[in-house]
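Observations on the model geometry
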Amino acid sequence: MARRIDVTGTGGVRLAAWEFGDPPKTDPAGSDPARDVPDGSPGVLLLHGLMGRASHWASTARWLSGRYRAVALDQRGHGRSDKPPQASFTRDAYVDDAEAALEQLGLAPVVLIGHAMGALTAWQLAAKRPDLVRGLIICDMRASALGAASQREWDQWFQSWPLPFATLADVRKWFGEDDPWVERPNPARGEFYAEVMAESSDGWRPVFDPEQMLRSRETWVLDAHWEELAQVRCPALVVRGLDGELGRAEAQEMVRVLPRGQYAEVADAGHLVHYDQPEAWRAAIEPFLDSLGSD
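Conventions we followed
- Residues numbered from 1 in each chain as written.
- Predicted model: local features only at pLDDT ≥ 70, side-chain atom pairs only at ≥ 80, totals over all residues.
- Heavy atoms only, no water.
- Pairing = 2+ DSSP bridges.
- Helix = DSSP H or I, 4+ residues; strand = E, 2+ residues; numbered from the N terminus.
- Patch = residues over 30% accessible without salt bridge, like charges linked within 9 Å, V, L, I, M, F, W, Y side chains within 5 Å.
- Areas by Shrake-Rupley, 256 points an atom, 1.4 Å probe, with all protein chains shown as cover.
- Salt bridge = Lys/Arg side-chain N within 4 Å of Asp/Glu carboxyl O.
- Lys, Arg positive; Asp, Glu negative; His and termini not counted.
- Charge placed at Lys NZ, Arg CZ, Asp CG, Glu CD.
- Core = buried A, V, L, I, M, F, W, Y, C linked by side-chain atoms within 4.5 Å.
- Buried < 20%, exposed > 50% of the residue type's maximum accessible area, 1.4 Å probe, protein only.
- Contact = heavy atoms within 4.5 Å.
- Axes fitted to C-alpha atoms, helices over the stretch in contact; angles between N-to-C directions.
- Parallel < 35°, antiparallel > 145°, perpendicular 65-115°, else oblique.
- Nonpolar A, V, L, I, M, F, W, Y, C, P; charged D, E, K, R; others polar.
- Phe/Tyr/Trp six-rings, centres within 6.5 Å; stacked < 30°, edge-to-face > 60°.

Note: strand β7 (residues 197-200) against strand β8 (residues 203-206), 4 bridges, orientation antiparallel. Within the sheet, the bridge partner assigned to Glu199 lies in β8 and is Trp204. Between β7 and the antiparallel strand that follows it, β8, lie 2 residues.

Below is the structure:
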């Protein structure tokens, strides 16, 4: 089951937060049926990457829900959150949204878990508001600048999508096999993108506006983000997939720059680490989460 909680981000943008769990048992005491964890359990906020959505964290959130109050956020422009045409998609807007969600949901002090762009938001928030964050997990996100050429490549990639897709099977096949960015068939990638499509009158289209995704991305690809990493005071774990976008040397340098950094990698995983290899992903982060209990 999934429970939606509406929160308000900066500028009044409505954001959808989600708790994922198994169907609840009947509780004769009348407590909130959407939560199995005791009151006062530590909180976790899960932040997806660019083009992602909260449901990409569902298996991780269910696994965490036995010991944490785990909430995944649809960030602005994504999932079921608002996508105002004139909204701000700056780094500050994303970070302020996450901060507002933490405070409105009562999750702090929280463990932040972020993938890709969501990981950047997580470490920028941890640097800005150390009082709200007790631990940080960074999944396959680079701290170095990617450059203007990278942004042009993404623009061209969006234009190459054969929209609309006639069926979800076509979505899975194109992103899992036919996309020129795919080096070898990857069914998990096809499933990942199938989750961000919605049926319209002429076929299947993304739930996000590609132009808003490019606007979001251009606010961080031109800059390096090492300074914010150095300002993170809580324990932090950097996780990379062996075939992901974050190289080993850069990941290890990120660990060195983080005042309390640790390192983990997941074999047979690409950029979508938690989606490609969910069991190995959980095994990689569990020791770090356990260590926070005595921190």
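Taken together, the side chains of Asp155, Asp209, Glu211 and Glu218 define an acidic patch exposed on the protein surface. Along the chain, Asp155 turns up in helix α4 (residues 148-160).

It is worth spelling out the nonpolar core at this point. Ranked by size, the top nonpolar core spans 70 residues in total, and within it Leu45, Met51, Trp123, Leu136 and Ile138 carry the most contacts. Sequence-distant contacts of Leu45, that is, excluding residues within four places in its chain, are made with Val71, Leu73, Ala98, Leu102, Leu107, Val110, Val111, Leu112 and Ile113. Grouped together as the second largest cluster of nonpolar side chains are 29 residues, Ile137, Leu237, Val239 and Ala264 included.

To continue, consider the pattern of salt bridges. Per the stated rule, a full pass over the model turns up 21 salt bridges. Across the salt bridge formed by Asp97 and Arg76, the nearest N and O atoms sit 2.5 Å from each other. Highlighted residues: Asp97 in helix α2 (residues 91-105) and Arg76 in the loop between β4 (69-74) and α2, separated in sequence by 21 residues. The exposure class of Asp97 is buried, given its relative accessible area of 2%. Looking at Arg76, the relative accessible area reads 2%, which means it is buried. The salt bridge involving Arg129 is made with Glu99; its shortest N-O contact spans 2.6 Å. Taken as a pair, Arg129 in the loop between α3 (117-128) and β6 (133-139) and Glu99 in helix α2 lie far apart in primary sequence, 30 residues in all.

Moving on, we get to the packing of α2 against α3. Running from amino to carboxyl end, α2 crosses α3 at an angle of 70°, the nearest separation of the two axes being 9 Å. The pairing of α2 with α3 is recorded here as roughly perpendicular in orientation. Of the residues in α3, those in contact with Arg91, Tyr94, Val95, Asp96, Ala98, Glu99 and Leu102 of α2 are Met117, Leu120, Thr121, Gln124, Leu125 and Lys128. Of the residues assigned to the contact of α2 with α3, the class counts are 7 nonpolar, 2 polar and 4 charged.

A separate point is the packing of aromatic side chains. Any two aromatic rings considered together are summarised by their centre-to-centre distance and by the angle between their planes. Under the counting rule described, the total for this entry stands at 19 aromatic pairs. Where Trp161 meets Phe208, the ring centres are 6.2 Å apart and the plane angle is 75°; that geometry is what we call edge-to-face. Of this pair, Trp161 sits in the loop between α4 and α5 (168-178) while Phe208 sits in the loop between β8 and α7 (210-218), and the two are 47 residues apart along the sequence. Of the residues examined, Trp161 reaches a relative accessible area of 5% and is grouped as buried. Judged by relative accessible area, Phe208 falls into the buried class, the value being 4%.

Shape descriptors only; they carry no functional weight alone.
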